[in-house]
Amino acid sequence: MIRELLKRQEGLRLHPYADGLDQSIGYGRNLTSLGLTQQECEMLLDNDIERVESEVRARYDYFDDLSPERAAAVLSLAYNLGATRHAKFINHHSAMAAQNWTQAAANIYPNSLYAEQVPNRAKEIAEIILNNEI
């Protein structure tokens, strides 16, 4: 009963919103003072991984042929960039499709704006693609 009452009274908001001086989300969850639990963050991460993997599988035919290590590197890149910016790595995607790991890695690190913005992450992703090891 309380669940349905709160849902009706609070309403559902899928994006953060100002709630007085606080930020809330969902059915009035106060993000400012309560935040999220680790369990909630794990659930969100699982959902995000599923979403990103679905986007990548739908767009890049080469993805299904990758080793688990290289697939994880591609998913990490896509997760961090988002689908739109990830799609702009045209030379990287061509190299991945051709299994040219050296070129695919170089298009991530050091030869990208991405590498300038997040050098440690870009280098790690490139090394996974190149060496097939996490």
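Residues numbered from 1 in each chain as written. Predicted model: local features only at pLDDT ≥ 70, side-chain atom pairs only at ≥ 80, totals over all residues. Heavy atoms only, no water.

Colleague: Even after reading the chapter, I still don't get the pattern of salt bridges, so can you show me in this structure?
Modeller: Between side chains of opposite charge, a pair can form when the charged atoms approach closely. According to the stated counting rule, one finds six salt bridges in the structure shown. Here arginine 29 ties to glutamate 40 by a salt bridge, and the two come within 2.9 Å at their closest N and O atoms. Taken as a pair, arginine 29 in strand β3 (residues 29–30) and glutamate 40 in helix α2 (residues 38–59) lie far apart in primary sequence, eleven residues in all. Classification of arginine 29 by relative accessible area gives partly exposed; the value is 26%. By relative accessible area, glutamate 40 is classed as partly exposed at 24%. Here aspartate 48 makes a salt bridge to arginine 51, at a shortest N to O gap of 3.5 Å. Note that aspartate 48 and arginine 51 are positioned in helix α2 at a spacing of three residues, about one turn of the helix. Exposure remark for arginine 51: the relative accessible area of 40% places this residue in the partly exposed category. (Salt bridge = Lys/Arg side-chain N within 4 Å of Asp/Glu carboxyl O. Helix = DSSP H or I, 4+ residues; strand = E, 2+ residues; numbered from the N terminus. Buried < 20%, exposed > 50% of the residue type's maximum accessible area, 1.4 Å probe, protein only.)

Colleague: Can you walk me through the pairing of strand β2 (residues 22–26) in this structure?
Modeller: In regular strands, side chains alternate between the two faces of the sheet. Pairing of strand β1 (residues 13–19) with β2 involves four bridges; the strand directions are antiparallel. By the bridge assignment, tyrosine 17 is partnered in β2 with serine 24. Hairpin remark: β1 followed by β2, antiparallel, with two residues in the connecting loop; positive phi at glycine 20, about 70°. In this sheet, β3 lies alongside β2 in antiparallel orientation, the contact comprising two bridges. Bridge pairing in β3 links serine 24 to asparagine 30. Between β2 and β3, which pair antiparallel one after the other, the connecting turn spans two residues, and glycine 28 there sits at a positive phi close to 80°. (Pairing = 2+ DSSP bridges.)

Colleague: Quick question: what am I supposed to make of a nonpolar patch on the surface here?
Modeller: A cluster of nonpolar side chains, contributed by Ile2, Leu5 and Leu6, occupies part of the molecular surface with about 250 Å² of accessible area. Relative to the assigned elements, isoleucine 2 resides in helix α1 (residues 2–10). Isoleucine 2 gets classed as exposed once you look at its relative accessible area, which sits at 56%. (Patch = residues over 30% accessible without salt bridge, like charges linked within 9 Å, V, L, I, M, F, W, Y side chains within 5 Å. Areas by Shrake-Rupley, 256 points an atom, 1.4 Å probe, with all protein chains shown as cover.)

Colleague: Would you explain the sheet that holds β3 in this entry?
Modeller: Paired through backbone hydrogen bonds, the strands of a sheet run either parallel or antiparallel to each other. Spatially, β1-β2-β3 is the arrangement adopted by the three strands of the open sheet, whose pairing is antiparallel. Each edge of the sheet is formed by a strand with only one pairing partner; in this case those strands are β1 and β3.

Colleague: Would you explain the packing of aromatic side chains in this entry?
Modeller: Using the criterion set out here, one finds two aromatic pairs in the structure. Centroid distance tyrosine 60 to tyrosine 62: 5.7 Å. Interplanar angle 40°. Geometry classified as tilted. Among the residues examined, tyrosine 62 registers a relative accessible area of 8% and is labelled buried. With 6.3 Å between their ring centres and 90° between their planes, phenylalanine 89 and tyrosine 114 make a pair best called edge-to-face. Taken together, the residues phenylalanine 89 in the loop between α4 (83–87) and α5 (90–97) and tyrosine 114 in helix α7 (residues 113–117) connect sequence positions 25 residues apart. Of the residues examined, tyrosine 114 reaches a relative accessible area of 3% and is grouped as buried. (Phe/Tyr/Trp six-rings, centres within 6.5 Å; stacked < 30°, edge-to-face > 60°.)

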